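Okay, here's what each chain looks like letter by letter:
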Amino acid sequence: MLQALGLNALTEGVYRSLLAEPDWGVDRIAANLHLPEAEVREALDELLELTLLRPAAGSHALRAVSPEVGLTRLLARNQNQLLFRQQQLESARAAIAALSAEYVDRRPDDEMVLRLDSLEAVRDRLEELAATATRECLSLMRGGAVRPDSIQAGKHPNQLALERGVVIRSIFQDSFRNDPDTLRYARWLADLGGLTRTVPLLPIRLVIVDRSIALIPTDPSDGRRGALELHGEALIQPLCALFDELWRSGTEFGRPAPRDDQDLTGSERALLKLLGEGHTDESAGRKLGLSLRTVRRMMQDLMNRLGAESRFQAGAQAVRKDWL
């Protein structure tokens, strides 16, 4: 009960014993509390430091100071320390704001695109944006599995943002469900209050902060080569519209992928469309975040359902049945 004042359970027990039985010595207290005498002596030393014990008049014995005097005095001391700490933190907050204004944002007012030339620069910038976000962070997580190092780098900033009340909404591709690490990350994010949906296909990787700053990869095929940081309504508004449309069409995390009137999942329909556009199994798999083996298994299942013996026949059957 008194841990907030610096008393652990053992020290509090010794203090209560002396309040109840002022004449008890170390041996009686130790026997009553079933403690070694050495631990009782350590507790008595702590009580002396906290001024909750004082020498008894005319003897070498120690007597407990009444709770009304001793604990009230200790409470006031802790309150003063807390107030001083709060003042220190407010001074630190002002110093952080001054440093941020001086060093963090060196973007000229008229510059709408900044280049972040490395993965480390991107992660540093994402951490800064998560720390300063006030309303929401939106992201498109293109591809299937998220790299473990990317997951680890994003956990702490996302947790701090959620604890401040920032809304985090993420859209993954349906294929992320095949990767245990990404699935665990999505569950962890959901447990903290993050919102997640999935769609079969995403056009780009994207992060939008407070609908005023966006990050997109410099190289869409390799997000580790850096990113472009975008500013200005003309650039940000279309990206926000893209996210909002994908969010409306997405499936909430935890629900099975829905099937349409032809009993197709979104991933199956997207695969048919990509192959119909001339993509190979390999390139279709990269866009869907699926392995080559999974793409071929899905295609074989679709051919069986269409009653087709070749890719060409499957395409013709899919058109005839309004699957495409």
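Residues numbered from 1 in each chain as written. Predicted model: local features only at pLDDT ≥ 70, side-chain atom pairs only at ≥ 80, totals over all residues. Heavy atoms only, no water.

## So, a nonpolar patch on the surface
Piece 1. On the surface, Met-112, Val-113 and Leu-235 cluster together to form a nonpolar patch covering roughly 210 Å² of accessible area.
Piece 2. Mapped onto the fold, Val-113 is located in strand E3 (residues 113–116).
Piece 3. A relative accessible area of 38% places Val-113 in the partly exposed class. (Patch = residues over 30% accessible without salt bridge, like charges linked within 9 Å, V, L, I, M, F, W, Y side chains within 5 Å. Areas by Shrake-Rupley, 256 points an atom, 1.4 Å probe, with all protein chains shown as cover. Salt bridge = Lys/Arg side-chain N within 4 Å of Asp/Glu carboxyl O. Helix = DSSP H or I, 4+ residues; strand = E, 2+ residues; numbered from the N terminus. Buried < 20%, exposed > 50% of the residue type's maximum accessible area, 1.4 Å probe, protein only.)

## Brief notes about the packing of helix H9 (residues 266–276) against helix H10 (residues 281–288)
Piece 1. The contact between H9 and H10 brings their axes to 10 Å, and the two run at 140 degrees. Judged on the interaxial angle alone, H10 and H9 are oblique. At the point where H9 passes H10, the crossing takes the right-handed sense. Touching Ser-267, Ala-270, Leu-271, Leu-274 and Leu-275 of H9 are Asp-281, Ala-284, Lys-287 and Leu-288, all from H10.
Piece 2. For the contact of H9 with H10, the per-class residue count stands at 6 nonpolar, 1 polar and 2 charged. (Axes fitted to C-alpha atoms, helices over the stretch in contact; angles between N-to-C directions. Parallel < 35°, antiparallel > 145°, perpendicular 65-115°, else oblique. Left-handed = near helix turned anticlockwise from the far one by under 90°. Contact = heavy atoms within 4.5 Å. Nonpolar A, V, L, I, M, F, W, Y, C, P; charged D, E, K, R; others polar.)

## Re the pairing of strand E9 (residues 227–231)
Piece 1. The element E9 is extensively covered by neighbouring structure, given that 4 of its 5 residues are classed as buried.
Piece 2. When E3 meets E9, the two strands line up antiparallel, connected through 4 bridges. Bridging across to E9, Leu-116 finds its partner in Ala-227.
Piece 3. Pairing between strand E8 (residues 213–217) and E9: 5 bridges, direction antiparallel. (Pairing = 2+ DSSP bridges.)

## So, the pairing of strand E5 (residues 167–173)
Piece 1. Within E5, 6 of the 7 residues are buried, which leaves the element mostly enclosed by the surrounding structure.
Piece 2. Pairing of strand E4 (residues 136–141) with E5, which is carried by 6 bridges, proceeds in the parallel orientation. Across the sheet, the residue bridging to Cys-137 is Ile-168, located in E5.
Piece 3. Traced from E5 through helix H7 (residues 180–191) to strand E6 (residues 195–199), the parallel crossover comes out right-handed. (Right-handed = clockwise from strand over helix to strand, strands pointing away.)

## Some points on the environment of His-34
Piece 1. Mapped onto the secondary structure, His-34 falls in the loop between helix H2 (26–33) and helix H3 (37–49).
Piece 2. For the pair His-34 and Leu-116, spaced 82 residues apart in sequence, the C-alpha to C-alpha distance is 64 Å.

## Regarding helix H11 (residues 292–306)
Piece 1. Between the first and last C-alpha of H11 there are 21 Å, a value that for 15 residues agrees with the 21 Å anticipated at 1.5 Å per step.
Piece 2. For H11, the set of buried residues is Thr-294, Val-295, Met-298, Met-299, Leu-302, Met-303 and Leu-306.
Piece 3. Buried residues in H11 make contact with H9, H10 and helix H12 (311–320).
Piece 4. Phi turns positive one or two residues past the end of H11, at Gly-307, with a value near 70 degrees. (Expected span 1.5 Å × (residues − 1).)

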